[in-house]
Amino acid sequence: MDLFLEYILWITPGFLILLVTYLLLPKNAFSTKIFILILGFILIRDNMTTFDFWHFGTTNNLPWMRFTEKSSLLILMGVASLMITVGIIYLQKDMRHLLFWIGNKKVLSLFMGILGAIIVVLPFFFIYQGIPLEKRGGFFPTEVLPLLFFFSLSGNLMEEVLFRGYLQGYLETITDSIRAALLSGLMFGVGHVFLATTVTTLGLPLILFTFFEGIICSFVRLKYGIFPSTLTHGLSIFVLASSIF
């Protein structure tokens, strides 16, 4: 709890500046508001690295990740992510029309979200077979997996609402849907450049992975909605961070 409070205090000054800027913007400044919201998310996410809530590495130029094994932190971060996401959606009433949650065929839509996750992690399943587990993050405790699953979905719901909800939804109002999906996926990768090159030393491997994951999530969202793309994103991160294979 003390570490989480220290983390909150650390990000508060930057968060307050972004909040004041956001509140001063005109109501119809959708693109700038989305930009500020994404900057706020990047502030929250990248400082998780500073406080060792997650850590990364590369083995044979392949990225790997592990989250904290502390149950209390995973619960706090998951609940906080959900609260912030709900708060953004509730307060930003004039941008709700940009949010496409799920396709008419709900079961198919959810299945496609799971299929998207399989596409993301399948290359790693084969490539990781030649790399010992201890060289790509080590074992993650089995008893903590349910909490990691909860955080993977709740944390990435926020990211999907921002990138596949507001950003992709806004882009669809100014260009065709295919280009909007491509741009959303590419800008998702751009949103990880600072994490890859400054916050960590992962560099190109992380950038390429986030471009790949972002494009798949964007095209899942294009036809099936934010909930399915959250499944794609959240399940991918859960599997890759869990030492399941």
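Structure: see above.
Now for a quick tour of the structure. Everything numeric in this text was worked out from a predicted model, so none of it was measured.

What counts and what doesn't
- Residues numbered from 1 in each chain as written.
- Predicted model: local features only at pLDDT ≥ 70, side-chain atom pairs only at ≥ 80, totals over all residues.
- Heavy atoms only, no water.
- Helix = DSSP H or I, 4+ residues; strand = E, 2+ residues; numbered from the N terminus.
- Rg over C-alpha atoms; globule rule 2.2 N^0.38 Å.
- Buried < 20%, exposed > 50% of the residue type's maximum accessible area, 1.4 Å probe, protein only.
- Contact = heavy atoms within 4.5 Å.
- Areas by Shrake-Rupley, 256 points an atom, 1.4 Å probe, with all protein chains shown as cover.
- Lys, Arg positive; Asp, Glu negative; His and termini not counted.
- Charge placed at Lys NZ, Arg CZ, Asp CG, Glu CD.
- Salt bridge = Lys/Arg side-chain N within 4 Å of Asp/Glu carboxyl O.
- Expected span 1.5 Å × (residues − 1).

## Let's talk about the overall build of the protein
Helices and strands together make up the secondary structure of the protein, namely 9 helices and 2 strands. Taken over C-alpha atoms, the radius of gyration comes to 17 Å for the protein, in line with the 18 Å a tight globule of 245 residues would show. Across the 245 residues of the protein, 51% fall into the buried class. Partitioning the contacts of the protein with sequence separation of at least 6, the portion at a separation of at least 24 is 78%. Surface summary for the protein: the accessible area is close to 11,900 Å², and the carbon and sulfur share equals 73%. Side chains of the protein carry 15 positive and 13 negative charges; the gap between the two charge centres is 11 Å.

## What to know about the pattern of salt bridges
What the rule picks out here adds up to 5 salt bridges. Lysine 33 is paired through a salt bridge with aspartate 94; the nearest N and O atoms lie 4.0 Å apart. In this pair, lysine 33 is assigned in helix α2 (residues 30-50) and aspartate 94 in the loop between α3 (71-91) and α4 (106-128), connecting sequence segments 61 residues apart. The exposure class assigned to lysine 33 is buried, which follows from its relative accessible area of 6%. By relative accessible area, which is 28% here, aspartate 94 ends up partly exposed.

## Some words on α2
Between its first and last C-alpha, α2 extends 31 Å over 21 residues, near the 30 Å set by a 1.5 Å rise per residue. Phi turns positive, to about 60 degrees, at aspartate 52, one or two residues after α2.

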